[in-house]
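Residue-level listing of the chains:
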Amino acid sequence: QIPPSTSPAPPPPEPDPKPEPETNPPPEPEPVQKESPKPETVSPIIIAGLSQQKFPTKDEYDEMRVATLTLATTGSVVDDSKVAVKFEFFDRDLSSGEITPARALVPTKALQTSQLGTSGEETLTATYTVPKGLRTAPSANSGMTFYGVHVKVMYAGELVAEKAIPRTLLDKE
């Protein structure tokens with residue numbers, strides 16, 4: 001047997017000395033410069049509605065559709081001479097499914113409003129017409145069918161609103 005130890009117990013540990021005050025405090029963090037968010041500009045014009053209607057076939061044409069666009073102001077003063085509305089019609093090739101600009105009779109120039117600035121609302125229309133026999137004659141136009149319409153509203157040279165039927169035309173560009 002081993003005799004019990006007779007040595008005295010070790011002394012208790014000494015308390016830690018007080019920490020010395022720092023002579024050089026750490027530098028304060030630099031303030032982060034955040035750019036103030038730019039206020040979103042509100043368009044002076046909105047598209048209140050867009051629809052298209054197909055008319056029955058007549059002797060003068062194989063197909064006719066009218067796109068009707070209703071514009072409204074958002075409370076801003078609008079100068080009609082600065083408004084340009086572009087209607088773009090599209091066809092679909094029945095064999096390939098490719099969507100292309102229409103080969104029918106469609107407006108080629110932008111339309112301008114005349115009373116939007118004074119009344120706060122205006123309706124514009126554009127016509128898509130396939131002349132009689134255009135799609136039945138063997139040509140680049142045979143096998144094509146109406147696909148949709150895309151409308152762009154410009155104000156003072158900037159795009160302020162656009163809408164399309166079907167909506168997938170918005171992804172075409």
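This structure is a prediction, so every number in the text was calculated from the model and none was measured.

(A) Spatial organisation of the overall build of the protein chain. Within the protein chain, the secondary structure is distributed over one helix and seven strands. Ordered by position from N to C terminus, the α and β elements of the protein chain give β-β-β-β-α-β-β-β. With 173 residues in all, the protein chain has 29% of them scored as buried. Excluding contacts between residues fewer than 6 apart, the proportion of contacts in the protein chain whose partners are at least 24 apart in sequence is 63%. Entry remark: accessible area of the protein chain is about 12,500 Å², with carbon and sulfur atoms responsible for 54%.

(B) Expanded view of the pattern of salt bridges. Under the criterion given, the structure shown has two salt bridges. The partner of K132 in a salt bridge is D62, and the shortest N-O contact between them spans 3.5 Å. Of this pair, K132 sits in the loop between β5 (121–131) and β6 (144–155) while D62 sits in strand β2 (residues 61–73); the two residues are 70 residues apart in sequence, bridging distant segments of the chain. By relative accessible area, which is 46% here, K132 ends up partly exposed. Among the ionic pairs, R65 bridges to E63, the shortest N-O distance being 2.6 Å. The exposure class of E63 is buried, given its relative accessible area of 9%.

(C) Spatial organisation of the pairing of strand β1 (residues 45–55). As judged from the 10 bridges shared by β1 and β2, these two strands associate in the antiparallel manner. Paired with Q52 across the two strands is A67, which belongs to β2. The antiparallel hairpin formed by β1 and β2 contains five residues in its connecting segment.

(D) Layout of the side chain of D91. Relative to the helices and strands, D91 is located in strand β3 (residues 83–93). The buried category is assigned to D91, whose relative accessible area is 0%.

(E) Geometry of the sheet that holds β3. Ordered in space as β4-β3-β6-β7, the four strands form an open sheet in which the pairing is antiparallel. What marks the edges here is a single partner per strand, and that holds for β4 (99–101) and β7 (158–165). Between one strand axis and the next, the sheet turns through 30° on average, direction left out of account. As judged from the 11 bridges shared by β3 and β6, these two strands associate in the antiparallel manner. Looking at the pairing, D91 lines up with F146 of β6.

(F) Quick look at the packing of aromatic side chains. On inspection of all chains with the given rule, the structure shows three aromatic pairs. Look at F89 and Y128: their rings are 5.6 Å apart centre to centre, the planes differ by 40°, and that puts the pair in the tilted class. With F89 in strand β3 and Y128 in strand β5, this residue pair connects regions lying 39 residues apart in the sequence. Its relative accessible area of 4% is what places F89 among the buried residues. Between the aromatic rings of Y128 and F146, the centroid separation amounts to 4.8 Å while the plane-to-plane angle is 75°, which identifies the pairing as edge-to-face. Here Y128 is found in strand β5, whereas its partner F146 is found in strand β6, with 18 residues between them in sequence. As far as the burial class goes, Y128 and F146 line up, both buried.

Rules used in this analysis
- Residues numbered from 1 in each chain as written.
- Predicted model: local features only at pLDDT ≥ 70, side-chain atom pairs only at ≥ 80, totals over all residues.
- Heavy atoms only, no water.
- Helix = DSSP H or I, 4+ residues; strand = E, 2+ residues; numbered from the N terminus.
- Buried < 20%, exposed > 50% of the residue type's maximum accessible area, 1.4 Å probe, protein only.
- Contact = heavy atoms within 4.5 Å.
- Areas by Shrake-Rupley, 256 points an atom, 1.4 Å probe, with all protein chains shown as cover.
- Salt bridge = Lys/Arg side-chain N within 4 Å of Asp/Glu carboxyl O.
- Pairing = 2+ DSSP bridges.
- Axes fitted to C-alpha atoms, helices over the stretch in contact; angles between N-to-C directions.
- Phe/Tyr/Trp six-rings, centres within 6.5 Å; stacked < 30°, edge-to-face > 60°.

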